[in-house]
Amino acid sequence: RFIFQFGEEGIGGSEVMIERGVLDGVDEIYALHVCPELDEGEVGYCYGGMFAGCCEFDCAVKGVSSHCAVPEKGADAVRASVEIANAAYAAAAAQNTLINLGKIEGGAARNIISDSCASEYTLRFYDMNKCEAVMMDIERAALACDDRFGTTHDIITRSVYPTLINHALAVDKVRALMGEQAVEVAPRNTAEDFSNYLLKVCGCMVWLGVGAEGRRSPLHSNTFSFDERALLTGTDLFMNLIAERAA
């Protein structure tokens, strides 16, 4: 069965696919993700946790606008957002997780106290308990900022992906089928909603090497490119899996 899934980025389309029965009758699942760091013809495998879990969330802070000469008449949403951001980075570091504030928007002019500020974050983790601990610390920091600056806040979770954990039996099968083409790789803090499928059935995701001279630009960069013939290695893997299953 081939899965043609929408919305891997942001909304976690795999959850909807699972709810609508895409895994009914399925007991093994495999996926590939292109990798420019690996050479064409190579397949990168990893036992256990391969990709981090991901929590994408926004923090919207509301304040009161005033002239900077009379700050006591305002409630500074930008300043509160900066304090929350500092607390978020400290909380993530304390739990050995990774957080990034990728976008922040607020303010109207340099001499005006801002009445609103919006921040967009991503948190990467390998332990859901640590994710929850970080989010609780951020909420406490936001509440403290409300008391300190007179602001109000709203933390909105946009999506949560669990850690992508490969099943050992599935990885063993890929290694046996691909032989010397299979190379071991380390876990990364990238995220993939394929992890939701692996919570339901046995399987794994592997990296498909597409790197070659002059084609090493990282994923998601504006210079990423590869020779599509590199995909044939992935086709071979899937055909071998099908043949092994049918044997």
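Scroll up to find the structure.
Note that the structure is a prediction, hence the values are computed from the model and not measured. In every chain, residue numbers begin from 1 and rise along the written sequence. Confidence filtering applies because this is a predicted model: local features only for residues at pLDDT of at least 70, side-chain atom pairs given and counted only at 80 or more, and all residues used for totals across whole chains, interfaces and linings. Hydrogens are left out, water is left out, and the side-chain values use all remaining heavy atoms of the structure.

## What to know about helix α4 (residues 168-178)
Along α4, the positions that sit buried rather than exposed are A170, V171, K173, V174 and M178. Looking down the long axis of α4, one finds its buried residues gathered within 155° of arc, a one-sided arrangement. In α4, the exposed residues that point more than 90 degrees away from the buried face are L169 and A176. The contact rule is simple, with two residues in contact once any of their heavy atoms fall within 4.5 Å. Numbering of helices and strands starts at the N terminus; helices are DSSP runs of H or I of at least 4 residues and strands are runs of E of at least 2. Looking at the buried residues of α4, the elements they touch are β1 (28-39), β2 (43-45), β10 (164-166), β11 (182-184), β12 (202-211) and α6 (231-246). Whether a residue is buried, partly exposed or exposed follows from its accessible area with a 1.4 Å probe, protein chains only, as a fraction of its type maximum: under 20%, in between, or over 50%, in that order. Here the arc refers to the set of directions running from the helix axis out to each C-beta atom.

## Regarding the environment of R245
Here R245 shows up in helix α6. Sequence-wise, R245 and G214 are 31 residues apart; in three dimensions their C-alpha atoms are separated by 38 Å. Not counting the four nearest positions on each side in its chain, R245 is found in contact with D27 and E28.

## Looking at the side chain of N166
Among the structural elements, N166 can be located in strand β10. Given a relative accessible area of 5%, N166 falls into the buried group. Counting of polar contacts relies on pairs of N or O atoms within 3.5 Å, with two restrictions inside protein: one atom must be capable of donating a hydrogen and the other of accepting it, and residues adjacent in sequence are counted only when both atoms are side-chain atoms. Within the local environment of N166, its side chain forms a polar contact with the backbone nitrogen of M205, the two atoms lying 2.8 Å apart. Those residues within four positions of N166 in sequence are excluded, and the remaining contacts are C46, G48, M50, V171, L198, G203, C204 and M205.

## Quick look at the packing of aromatic side chains
We describe a pair of aromatic rings using the distance from one ring centre to the other and the angle between the two ring planes. Any pair of Phe, Tyr and Trp rings, taking the six-membered ring for Trp, is counted once the centres come within 6.5 Å. Such a pair is stacked with planes under 30 degrees apart, edge-to-face with planes over 60 apart, and tilted for the rest. Under the defined criterion, the tally for this structure stands at five aromatic pairs. Ring centres of F57 and Y121 lie 4.8 Å apart, and the angle between their planes is 5°; on these two criteria the pair is classed as stacked. You can see F57 sitting in strand β4 (residues 53-62) and its partner Y121 sitting in strand β8 (residues 116-125), a full 64 residues away along the chain. The pair F57 / Y121 is uniform in exposure class, with both members buried. Sitting over a ring, as applied to charges here, requires NZ of Lys or CZ of Arg to be within 6 Å of the ring centre and within 35 degrees of the ring normal. Across from the ring centre of W207, 4.5 Å away, lies the NZ or CZ of R188, which sits over that ring.

## Structural notes on the sheet that holds β2
A pair of strands is considered paired only if DSSP assigns at least 2 bridges between the two. The strand order across the open sheet formed by four strands is β1-β12-β2-β11, and the pairing between neighbours is mixed. The sheet is open, and its two edges are formed by β1 and β11, each paired on a single side. Here the average twist between neighbouring strands, direction ignored, is 35°. Bridge count for β2 against β11 is three bridges, and the pairing is parallel. From the neighbouring strand, Y45 faces β11, where its bridge partner is E184. To obtain an axis, a line is fitted to C-alpha atoms, over the contacting stretch when the element is a helix, and the angle between two such axes runs from 0 to 180 degrees between their N-to-C directions. Sitting on the sheet, α4 touches β1, β2, β11 and β12, and the angle it makes with β12 is about 40°. Taken strand by strand, α6 contacts β1, β2 and β12, and its axis lies near 155° from that of β1.

## With respect to the nonpolar core
For the purposes of this section, nonpolar cores are sets of buried Ala, Val, Leu, Ile, Met, Phe, Trp, Tyr and Cys residues that join through side-chain atoms within 4.5 Å. Of all hydrophobic cores here, the largest spans 24 residues; its most connected members are F57, I84, I99, Y121, L123, M135 and I138. Elements with a contribution of two residues or more to this core: β4, α2 (77-94), β8 and α3 (128-149). Ignoring any residue separated from it by four or fewer positions in sequence, one finds Y121 in contact with C55, E56, F57, C59, S81, I84, A85, A88, I99, N100 and L101. Formed by 20 residues, the second largest nonpolar core is a distinct cluster that contains M17, I18, M50 and F51.

## Some words on the pairing of β4
Of all ten residues making up β4, seven are buried, and the element is well covered by its neighbours. Across ten bridges, the pairing between β4 and β8 is antiparallel. Among the inter-strand pairings, K62 is bridged to a residue of β8, identified as S116. Two strands pair when backbone bridges link them, and β4 and strand β9 (residues 152-161) are joined in this way by nine bridges, in the antiparallel orientation. Looking at the pairing, E56 lines up with S159 of β9.

## A closer look at the layout of surface pockets
Over the atoms, a rolled probe matching the size of one water molecule traces out where space is still vacant. Each cavity reported here is a set of points on a 1 Å grid over the protein atoms alone in which a 1.4 Å probe fits but cannot get out, each pocket an open set with protein on both sides within 12 Å along at least five of seven lines, and each lining residue one with an atom within 4 Å of a point. Grid points are joined across faces, edges and corners, and a volume is the space filled by probe spheres set on the points. In this structure, the largest pocket spans a volume of roughly 980 Å³. R1, F2, I29, Y30 and F238 are the residues nearest the centre of the largest pocket, which is lined by 30 residues in total. Among the elements of the structure, β1 and α6 are those that each provide at least two residues to the lining of the largest pocket. When residues of the lining of the largest pocket are assigned to their parent elements, the largest contribution, seven residues, is made by β1. In this model, the second largest pocket occupies a volume close to 290 Å³. In terms of lining, the second largest pocket is formed by 18 residues, of which the most central are E9, R124, T190, A191 and H220. Those elements that place two or more of their residues in the lining of the second largest pocket are β1 and β4. Residues were grouped as follows: Ala, Val, Leu, Ile, Met, Phe, Trp, Tyr, Cys and Pro as nonpolar; Asp, Glu, Lys and Arg as charged; and all remaining residues, including Gly, as polar. Its residues placed into classes, the lining of the second largest pocket shows seven nonpolar, four polar and seven charged.

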